[in-house]
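# Reading the structure
Listed below, chain by chain, are the residues.
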Amino acid sequence: MSVRRLAEDTVQPAAFAFSKENAAWAEATINKYPKGREQSAVIPLLMRAQEQDGWVTRAAIESIADMLGMPYIRALEVATFYTQFQLKPVGSRAHVQVCGTTPCMLRGAEDLIKVCKTKIAAEPFTLNGSGTLSWEEVECQGACVNAPMVMIFKDAFEDLTPERLEEIIDGFDAGKGAEIQPGPQIDRIYSAPIGGLTTLQPPEAPEKAKAPARAKKAKDDKARDEPAVSVPPSNAAKPKTAADVTNPAVKTPATAKKAAAKNAKIEGETVDKSKPAKKPR
């Protein structure tokens, strides 16, 4: 992780104060937290200060710490830890954050960085000649499917080519950033597949299926109205044999208890001859 330090004293303002609107918002935000837990509002207040001045100054950090009743070092720890907070002045019209994580790199993020170096400044966090533009490489911005992409303030510009990024930078430098449509810069809707949907398509129109359905219903109704036909059991798989076990006239012990009792008295091969035979009563 890179070391993040505050800007030089030469560019630090002497004081900080929220605007009237932002001061009311900050007070309402602090009141959202329970008594004694107001310091939890440090991140939203620092972000509001950055949105107001473009970056987080030393005076803003100390002022917010005073508002929350916390030591300066605690507020400074938060501001220097999160890379979302800009600790130096950035471009007044655009600070271009180029995503340099793997998906964007595989789809041309290096070419986007070359554009930033050419059109803005050779080094990140360096203002261009007029002080309107700056850039940096950041980690994942969460738009991998639409890589490569850049973030400018709160808007993402996706599916970029070097040529399209040049147009976008020129637009912001000319003060026309609000006219540039954020999101995918090609013909796709949000994160939908290029060329249109490939899944979740509507089913085919069932026009041809209506007639067969009606015909099937009529056939079922006709079959239901006809009397049932008695069909004898099939003898196709029945073996042709004269064995006694297949003689339907011979009853099983379960269906002829007297015959079963008689069979039980006959000594057969299943009798255990190791035991003395029971004497007949």
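Within an unreviewed UniProt entry, the label attached to the protein reads NADH-quinone oxidoreductase subunit E, and the organism entered is Sinorhizobium fredii. One UniProt comment on the protein, placed under Catalytic activity (unreviewed entry), says "a quinone + NADH + 5 H(+)(in) = a quinol + NAD(+) + 4 H(+)(out)".

Let us now look at the overall build of the protein. The helix and strand inventory of the protein stands at nine helices and five strands. When the helices and strands of the protein are listed from N to C terminus, the series reads α-α-α-α-β-α-α-β-β-β-α-β-α-α. About 20,300 Å² of surface is accessible on the protein, with carbon and sulfur atoms providing 55% of the total.

What follows is about the packing of aromatic side chains. A complete count under the given rule lists three aromatic pairs for this structure. The interplanar angle of 90° and the centroid separation of 5.9 Å between the aromatic rings of Phe 157 and Phe 172 together place this pair among those described as edge-to-face. Separated by 15 residues along the polypeptide, Phe 157 in strand 4 (residues 155–158) and Phe 172 in helix 7 (residues 162–173) bring together distant segments of the chain. You'll find Phe 157 and Phe 172 in the same group, each marked buried.

So, about the pairing of strand 4. In regular strands, side chains alternate between the two faces of the sheet. Where strand 3 (residues 150–152) meets strand 4, three bridges bridge the pair, whose relative direction is antiparallel. Bridge assignment links Ile 152 to a residue of strand 4, and that residue is Asp 155. Between the antiparallel neighbours strand 3 and strand 4 lie two residues, among them Phe 153 with a positive phi of about 55°. Both strand 4 and strand 5 (residues 183–184) contribute to a ladder of two bridges, which runs parallel. Each bridged residue has a counterpart across the sheet, and for Phe 157 the counterpart in strand 5 is Gly 183.

A residue is classified by how much of its surface remains accessible, and Phe 172, at 9% relative accessible area, is buried. Residues Phe 172 and Ala 94, 78 residues apart in the sequence, show an inter-C-alpha distance of 6.2 Å. In contact with Phe 172, other than residues within four places in its own chain, are Arg 93, Ala 94, Ile 152, Phe 157, Gly 177 and Ile 180.

Attention now goes to the packing of helix 3 (residues 58–68) against helix 4 (residues 72–81). Contact pair helix 3 / helix 4: the axes reach a minimum separation of 9 Å and the direction vectors enclose 125°. Judged by the angle between their axes, helix 3 and helix 4 are oblique. Taken as a pair, helix 3 and helix 4 cross one another with a handedness that is right-handed. Facing helix 3, whose interface residues are Ile 61, Glu 62, Ala 65 and Asp 66, helix 4 presents Tyr 72, Ala 75, Leu 76 and Ala 79. Counted by class, the contact of helix 3 with helix 4 contains six nonpolar, no polar and two charged residues.

This paragraph deals with the sheet that holds strand 1 (residues 94–99). Strands pair in a sheet through their backbones, by hydrogen bonds, and they do so in one of two ways: parallel or antiparallel. With respect to topology, five strands assemble into an open sheet ordered 2-1-3-4-5, the strand pairing being mixed. Of all strands in the sheet, those with a lone pairing partner are strand 2 (133–138) and strand 5, marking the two edges. Across six bridges, the pairing between strand 1 and strand 2 is parallel. Looking at the pairing, Ala 94 lines up with Leu 133 of strand 2.

This part is about the packing of helix 2 (residues 42–53) against helix 4. Put simply, helix 2 and helix 4 touch, their axes get as near as 11 Å, and they point 65° apart. Here the hand of the crossing between helix 2 and helix 4 comes out right-handed. Between helix 2 and helix 4, the residues in contact are Val 42, Ile 43 and Leu 46 and Ala 75, Val 78 and Ala 79, respectively. Looking at side-chain class alone, the contact of helix 2 with helix 4 contains six nonpolar, no polar and no charged residues.

Attention shifts here to a nonpolar patch on the surface. Residues Ile 43, Phe 81 and Tyr 82 make up a contiguous nonpolar surface patch of roughly 280 Å² in combined accessible area. Structurally, Tyr 82 can be placed in the loop between helix 4 and strand 1.

Moving on, we come to the environment of Val 150. If you trace the backbone, Val 150 turns up in strand 3. As for Val 150 and Gly 100, which are separated by 50 residues in sequence, their C-alpha atoms are 9.3 Å apart. Once you skip the residues sitting within four places of it in the chain, Val 150 turns out to touch Val 96, Gln 97, Val 98, Leu 112, Asp 155, Ala 156, Phe 157, Leu 160 and Leu 165.

Turning to the pattern of salt bridges, a few remarks are in order. Under the criterion given, the structure shown has six salt bridges. Its salt-bridge partner being Arg 164, residue Glu 167 comes within 2.8 Å of it at the nearest N-O pair. A residue pair is termed a helical-turn pair when its members lie 3 or 4 positions apart in one helix, as Glu 167 and Arg 164 do in helix 7 at three residues.

Thresholds, definitions, all that
- Residues numbered from 1 in each chain as written.
- Predicted model: local features only at pLDDT ≥ 70, side-chain atom pairs only at ≥ 80, totals over all residues.
- Heavy atoms only, no water.
- UniProt positions renumbered as here; feature names shortened; annotations may be inferred.
- Helix = DSSP H or I, 4+ residues; strand = E, 2+ residues; numbered from the N terminus.
- Areas by Shrake-Rupley, 256 points an atom, 1.4 Å probe, with all protein chains shown as cover.
- Phe/Tyr/Trp six-rings, centres within 6.5 Å; stacked < 30°, edge-to-face > 60°.
- Buried < 20%, exposed > 50% of the residue type's maximum accessible area, 1.4 Å probe, protein only.
- Pairing = 2+ DSSP bridges.
- Contact = heavy atoms within 4.5 Å.
- Axes fitted to C-alpha atoms, helices over the stretch in contact; angles between N-to-C directions.
- Parallel < 35°, antiparallel > 145°, perpendicular 65-115°, else oblique.
- Left-handed = near helix turned anticlockwise from the far one by under 90°.
- Nonpolar A, V, L, I, M, F, W, Y, C, P; charged D, E, K, R; others polar.
- Patch = residues over 30% accessible without salt bridge, like charges linked within 9 Å, V, L, I, M, F, W, Y side chains within 5 Å.
- Salt bridge = Lys/Arg side-chain N within 4 Å of Asp/Glu carboxyl O.

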